[in-house]
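The lines below spell out each chain.
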Amino acid sequence: MHRFFMRSLLVAAFCILPSLLGAQLPTTRPTPEQARILLQARPDLVERLRQQMMNSGMTPEQIRARLRAEGYPENLLDAYMSGASGSAPEPTSTVFRAVQDLGIADTTDLFGTGMRSDTMRTMNADSALLSASITRLRYDTLRGAARDSVIHLITNRDSGFVVFGLDLFRSRTTQFQPNLAGPVDAGYRLGPGDRLVLILTGDVEASYTLDVTREGFVVIPQVGQLYVNSLTLADLEALLATRLGRVYSGVRRDNSGSTRFSVNVARLRSNQIFVAGDVQHPGSYTISSAGTALTALYAAGGPSINGSLRRIEVRRAGRVVDALDVYDYLVRGDASHDVRLQSGDMVFVPVHGARARIVGEIVRPATYELKAGEGLSQLLEAAGGFTESAARRRVLVERIVPAGLRSAGGDRTTIDITSESLASGLGPAAPIENGDVVRVFPIAERIRNRIAVLGNVNTPGAQGLAPGTRLSDALRAAGGLKPDTYLGEVLVTRLTGDSTRVQMRARLLDLSGTPADDIVLQEDDQIQVFSVSSFRPRRYVAIAGYVNNPGRYLYRVGMTMRDLVLLGGGVKEGASLREAEIARMPVERSAGQTAITIRVPLDSTYLFERQASHQYVGPPGLPAPASGAPDFTLEPYDNVLILRQANFEYQRTVTLNGEVQYPGAYALKTKREHLSDVIARAGGLTDEAQRDAILFVRKGPSTYSVADRTTGALSTTPVQDSITRARATNGRIGLDLSEALRRPESVDNIILEDGDEITILRFNPVVRVQGAVNAPANVTFVPGRDIYYYIRAAGGGSRIADEGRAYVTQPSGKLESVQSRHFAPDVVPRPQAGAVVTVPDRDPADKKDYIAIAGAVTSILASLVTVVLLVTRKP
């Protein structure tokens, strides 16, 4: 059922395309997303869905129960039920499936049989629907006019599918519910169930509550029983004046005596009313006795989609007592035929009469019901008349040809109605028939008698064109020229009769806007005035080096070095103020030269941050002349480099912790200070220190520097062996502390860098074993034992251990592993006190196929035996 529903959506949208285009539609069913787009483009279909839910006969509670039984969320259709506040959200494919599964509506109910051609021909679609539809129609296979017809069919906007007046009864409101506590007008007829209040004032002060009995009587103390059934309130006042005058002498008929009375309805009775015909919920309703025909209609949900709004009958005792035209109430505010109902009355809604749809430039585009004899003028009046942008010269009527007059392919025709009365009023009394579509066209979009002045004027924009207007007049009307206007040429673009454009031009004599050739302007001329600055490139200068905000800055004529340094946020501490370098574009580029450099002198006046006494507070030793450097003028694209002072650097610190006499953060005195130097400044090692145990952490590059202690020359040493490989990584570096302290020129006595963290460890008499061993543990250090001793002490390697790749992290941070040698014993590391033995897991990729190896060995041996037998065999 769901697949049929989704397919019908596409069929309803494109069933007329074969006859229009001569192209075959694809047989592919639409997706739920296409159905959603179609419903979004047709908001009236949402209203149809809501009406079908109202016509289903199920209450909201029953619909929710059915949804739960079918496995849907119970609130899935709440937004489409009668009385839902706000606009319904965009339906999804889940909503379509639920409507089908509950049997609320099928495709005929939603789209109708008469909507396949007329409705879909003028369907509004957005770009998503256009894209989906073109794809499904295999748009690239269509040709010429067929392709243009598809675009016109899908993109043309239409409206007016909502039946005018039905929305009055579709929202919750109290506008038709009378006040149950009164008051009522003098024509209200009393009946059983009403409650009256009688008040006497003057000579007698009294108040009585009087209930009308089932027999139609009220009982007044001292007055007696009065029959009031079917009396109007005015009749009751006259009766009370007579009966009360018999008891109270001060009561007069005109209520001007010494005793006055008043009677009001305190509570209204309820009437049983029947609503039948084409309404949403026909049946019996209990409404207030002050209720009218509209009250009963609203209680029943209003007319259905097939119900009439123009002749709603009120029947009483088998005869029609009045007929209500809802259009009188909606369009003219006339409720004179909205009669008050009596108990037992029937409100009957017949099938609607002729309906016509009016769309286009009209105040209320909709579908309207017409009475017999009503024509175009009445339809325009009901629709609110023309909008201000309507072309009131003619209207177009699309009409279904009567059945007896139809021919093959001639089921529809158009009628053009032109009349002078369209311009002055609501048009002629032209007949309108059932099913007609009246189209009111908009006026032309083109604006006549207009020119435009664009570009470098003070008030650019459109202008009205007066006869004889010249170019100079238009420039003055645009506020005149701006000071940077280009006078060499002003362009005037003219639109010719065949919609081509001709380019004209004029030269300006001065900034007053006087042209050398003052062209006479015509309608739709466009004048373009240019600015000299628009031709100018965005020139820049750049500054780099020791400034706070290096980068590019817009060049300005007369800009100096000092100006650029200011824009760059001033120089940094450590900048050299003896001179700066400027790279300038060369005049001669034939030899491949891209820049020439200029050295420009600076002085201390470029230090903009000073105290009130004009004294500079900063790092000492600033080499700069006091003043006198000339201010150098820059040229476009100059690149300025502010140099750094030679050897300028802030203090560098290292942290020394652990077993030294004076741990702490030490500032390096020179760039060549070594590890042994800082340890000596810290008082040397303590007695508890392990001379081979050091934790050295550096956040630095992948090479380290070594200085010759004799010459002081620095050299960069790359990583060579596995023991010192850790030095090349960010983190711990392995060092032989004993060697560094004993031989200052050794490679282990490295030059320190800013941020180094050094910890001298105390003696730790255990070796920690970790990784793929059966019992990771701390094993007591035994001098001279190798790595395998400690692995066995930790329970041996586990099932996945790769003992051949086990390694030791010595307390110095150096890594040592087993080194296999073919013709000599293997080099097996011997852990020191405080070392860590790590046994890695076996790599699954290294698993050997012993069956394949055995097969290969067997094959080789068999071949050798065969060779031996052949050689030893005697001839």
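Whatever comes next refers back to the structure up there.
Read on for an overview of the structure. (Residues numbered from 1 in each chain as written. Predicted model: local features only at pLDDT ≥ 70, side-chain atom pairs only at ≥ 80, totals over all residues. Heavy atoms only, no water.)

## Observations concerning the overall build of the protein
No. 1: If you tally the helices and strands in the protein, you get 22 helices and 37 strands.
No. 2: By the burial criterion, 40% of the 875 residues in the protein qualify as buried.
No. 3: A separation of at least 24 residues holds for 63% of the contacts in the protein among residues at least 6 apart in sequence.
No. 4: Element-wise, carbon and sulfur atoms account for 52% of the exposed surface of the protein, whose accessible area totals about 46,400 Å². (Helix = DSSP H or I, 4+ residues; strand = E, 2+ residues; numbered from the N terminus. Buried < 20%, exposed > 50% of the residue type's maximum accessible area, 1.4 Å probe, protein only. Contact = heavy atoms within 4.5 Å. Areas by Shrake-Rupley, 256 points an atom, 1.4 Å probe, with all protein chains shown as cover.)

## As for the nonpolar core
No. 1: The biggest cluster of nonpolar side chains holds 47 residues, and the ones touching the most others in it are L297, I358 and Y368.
No. 2: Tallying contributions element by element places helix α12 (residues 293-299) first for this core, with five residues.
No. 3: Of all hydrophobic cores here, the second largest spans 27 residues; its members include L198, L210, L226 and V228. (Core = buried A, V, L, I, M, F, W, Y, C linked by side-chain atoms within 4.5 Å.)

## Side note on helix α11 (residues 233-247)
No. 1: With 15 residues, α11 should cover 21 Å at 1.5 Å per step; its first-to-last C-alpha distance of 21 Å lies within 8% of that length.
No. 2: Of all the positions in α11, only L233, L236, L240, A241 and L244 are classed as buried. Along the axis of α11, the buried residues cluster in a sector spanning 145°; they form a single face.
No. 3: Summarising the contacts, the buried residues of α11 are in contact with β1 (195-202), β3 (217-220), β4 (224-227) and β5 (259-267). (Expected span 1.5 Å × (residues − 1). Arc of directions from axis to C-beta.)

## What about the sheet that holds strand β10 (residues 346-349)?
Picture the strands of a sheet paired through backbone hydrogen bonds; they go either parallel or antiparallel.
No. 1: Read across the sheet, five strands follow the order β7-β6-β10-β8-β9 without closing on themselves; strand pairing throughout is mixed. With one partner strand each, in any of the chains shown, β7 (283-288) and β9 (319-324) form the two edges of the open sheet. Averaged over neighbouring strand pairs, the angle between their axes works out to 30° when direction is ignored.
No. 2: As paired elements, strand β6 (residues 270-277) and β10 share four bridges and run parallel to each other. Considered in β10, the bridge of A276 is made with F348. (Pairing = 2+ DSSP bridges. Axes fitted to C-alpha atoms, helices over the stretch in contact; angles between N-to-C directions.)

## So, the side chain of R698
No. 1: One can find R698 in strand β28 (residues 689-698).
No. 2: A polar contact is formed between the side chain of R698 and the backbone oxygen of I751, at a distance of 2.9 Å.
No. 3: Engagement of the side chain of R698 in a polar contact is seen with the side chain of D756, the distance being 2.6 Å. (Polar contact = N/O pair within 3.5 Å; in protein donor to acceptor, adjacent residues only side chain to side chain.)

## Quick look at the sheet that holds strand β18 (residues 490-495)
No. 1: Here five strands make up an open sheet; going across it, the order is β17-β16-β20-β18-β19 and the pairing mixed. Looking at which strands have only one partner, the edges of the open sheet turn out to be β17 (461-464) and β19 (501-506). On average, each strand axis in the sheet is tilted by 25° relative to the strand beside it, whichever way the strands run.
No. 2: In this sheet, strand β20 (residues 526-529) lies alongside strand β16 (residues 450-455) in parallel orientation, the contact comprising four bridges. Bridge pairing in β20 places L454 opposite Q528.

## With respect to the pattern of salt bridges
No. 1: Throughout the structure, instances matching the rule amount to 36 salt bridges.
No. 2: Among the ionic pairs, D345 bridges to R316, the shortest N-O distance being 2.7 Å. Pair noted here: D345 is in the loop between α13 (326-332) and β10 and R316 is in strand β8 (residues 312-316), with a separation of 29 residues, a long-range link.
No. 3: Residue D345 is classed as buried on the basis of its relative accessible area, which comes to 0%. (Salt bridge = Lys/Arg side-chain N within 4 Å of Asp/Glu carboxyl O.)

## As for the environment of V263
No. 1: Relative to the assigned elements, V263 resides in strand β5.
No. 2: For V263, a relative accessible area of 3% corresponds to the buried category.
No. 3: Along the backbone, V263 and S207 are 56 residues apart, and their C-alpha atoms lie at a distance of 9.8 Å.

## Topic: a nonpolar patch on the surface
No. 1: The grouping of I853, V857, I860, L861 and L864 at the surface amounts to a nonpolar patch, some 460 Å² of accessible area in total.
No. 2: Here I860 falls in the exposed class, since its relative accessible area comes to 52%. (Patch = residues over 30% accessible without salt bridge, like charges linked within 9 Å, V, L, I, M, F, W, Y side chains within 5 Å.)

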